[in-house]
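In case you want the letters, here they are:
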Amino acid sequence: PTSVPEKAADELERTVKEYGFKGAIINGRCGGRFLDDRFCRPILERAEELNVPIYLHPTLPPKSIIDTYYTGQFKNPDVIYGLAGPGWGWHIDTAVHVLRLILSGVFDDHPRLKIIVGHLGEGLPFMMDRLDDRLPKEFTKLNQPISYYLRENIYYTISGFNFLPQFLNLLLQVGVDRIMFSTDYPFSSMSEAVDFLERLPLSKTDKEKIAHENAEHLLHL
C-alpha cells in the first residue's frame, strides 16, 4: 500500500522475513508523488534496512504531461499512447524519477539503497557524462557526481531492449557487474532475448554474470 508508506514498509518487511521476498516493485509515482518526496521515505528506509532492492517500473506520465507533450495531430490516434508509453514517454518519466531520487540526496542519506531499472537504463547511460558536466556536485550539493550514484546504487536490466549499441553504451558506462538479463516476456520475445544474450561480444564469464550471477548477488539467491 504505497499510498500509506509506513504500512507499505511494514508489509515489505513482513513479506521479506516471512515469505522470503527478494525486493519490491513500484510502478512509478506513489499517489502522484515521486519517491523522492519525504512522504515516501519510510519505504526507502526499510528497503535499505532489509537490504532488498526496489524495482522502479515505468508507468505513463501524468495526464497533464500527456496532454501537453504527447497529444498531437497524428495519423493514427493510437500513437498518443505509443509515444507517451512504451515508445518514449514512460522511459523518460522513469529516468526523471531516478534523477529526482539522486538529486534529492536519497542515496547520500541511504547509501546502501539499491534501485533496479529496466530497458538498459531508460536512457540514463547515454546522458551520464552530460549530467555530470551540467549538474556537477558543486552545484547539486551532493556528496558525489550523479554518475557515481548511477554506478553504485542502480542496477540495470535488459527488459526486451535487445539492441547492441545501447547495450554497449550501458556496459561502457556502468560495467558488467550492474547489468542483469531479463526478457520483458510476454511483451517481448523470450527466444529473441536469449539469442541476444548469446550473441553479445563478451567473455563466457561476463555472460554468466549478466545471465544470473549479478541477480544472485543482488537478490541473495
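About the thresholds
- Residues numbered from 1 in each chain as written.
- Predicted model: local features only at pLDDT ≥ 70, side-chain atom pairs only at ≥ 80, totals over all residues.
- Heavy atoms only, no water.
- Axes fitted to C-alpha atoms, helices over the stretch in contact; angles between N-to-C directions.
- Helix = DSSP H or I, 4+ residues; strand = E, 2+ residues; numbered from the N terminus.
- Parallel < 35°, antiparallel > 145°, perpendicular 65-115°, else oblique.
- Left-handed = near helix turned anticlockwise from the far one by under 90°.
- Contact = heavy atoms within 4.5 Å.
- Pairing = 2+ DSSP bridges.
- Phe/Tyr/Trp six-rings, centres within 6.5 Å; stacked < 30°, edge-to-face > 60°.
- Buried < 20%, exposed > 50% of the residue type's maximum accessible area, 1.4 Å probe, protein only.
- Core = buried A, V, L, I, M, F, W, Y, C linked by side-chain atoms within 4.5 Å.
- Polar contact = N/O pair within 3.5 Å; in protein donor to acceptor, adjacent residues only side chain to side chain.
- Patch = residues over 30% accessible without salt bridge, like charges linked within 9 Å, V, L, I, M, F, W, Y side chains within 5 Å.
- Areas by Shrake-Rupley, 256 points an atom, 1.4 Å probe, with all protein chains shown as cover.
- Salt bridge = Lys/Arg side-chain N within 4 Å of Asp/Glu carboxyl O.

Draft legend 1. View of the packing of helix H1 (residues 5-19) against helix H2 (residues 41-50). For the pair H1 and H2, the least separation of the axes is 8 Å and the interaxial angle reads 20 degrees. Judged by the inter-axis angle, H1 sits roughly parallel to H2. As for how H1 packs across H2, the hand of that crossing is right-handed. Contacts from Pro 5, Glu 6, Ala 8, Ala 9, Asp 10, Leu 12, Glu 13, Val 16 and Lys 17 of H1 reach H2 at Pro 42, Ile 43, Arg 46, Ala 47 and Leu 50.

Draft legend 2. Just the sheet that holds strand E4 (residues 154-157), in detail. Strands sit in the order E1-E2-E3-E4-E5 across an open sheet of five strands; the sheet is parallel. The strands lining the two open edges of the sheet, one partner per strand, are strand E1 (24-27) and strand E5 (179-180).

Draft legend 3. Examining the packing of aromatic side chains more closely. Under the criterion given, the structure shown has four aromatic pairs. On the basis of an interplanar angle of 90 degrees and a centroid distance of 5.4 Å, the ring pair of Tyr 148 and Tyr 149 is categorised as edge-to-face. The buried category is assigned to Tyr 149, whose relative accessible area is 2%. Taking the centre distance of 6.1 Å and the plane angle of 85 degrees together, the rings of Phe 167 and Phe 196 count as edge-to-face.

Draft legend 4. Representation of the nonpolar core in the model. Core analysis: the largest hydrophobic core is formed by 46 residues, its most contacted members being Phe 107, Ile 115, Leu 150 and Phe 167. In terms of nonpolar packing, the next biggest core, distinct from the first, is built from six residues, Tyr 55, Ile 116, Tyr 155 and Met 180 among them.

Draft legend 5. Region of interest: the side chain of His 97. Inspection of the secondary structure assignment puts His 97 in helix H5 (residues 89-103). Looking at His 97, its side chain comes within polar contact range of the main-chain nitrogen of Leu 35, at 2.9 Å. Apart from the residues lying within four places of it in its own chain, the contact partners of His 97 are Gly 28, Arg 29, Phe 34, Leu 35 and Leu 56.

Draft legend 6. Local environment of a nonpolar patch on the surface. Among the surface-exposed residues, Trp 88, Ile 92 and Val 96 lie close enough to one another that they form a single nonpolar patch of about 270 Å² accessible area. The topology assignment puts Val 96 in helix H5. What makes Val 96 partly exposed here is its relative accessible area of 38%.

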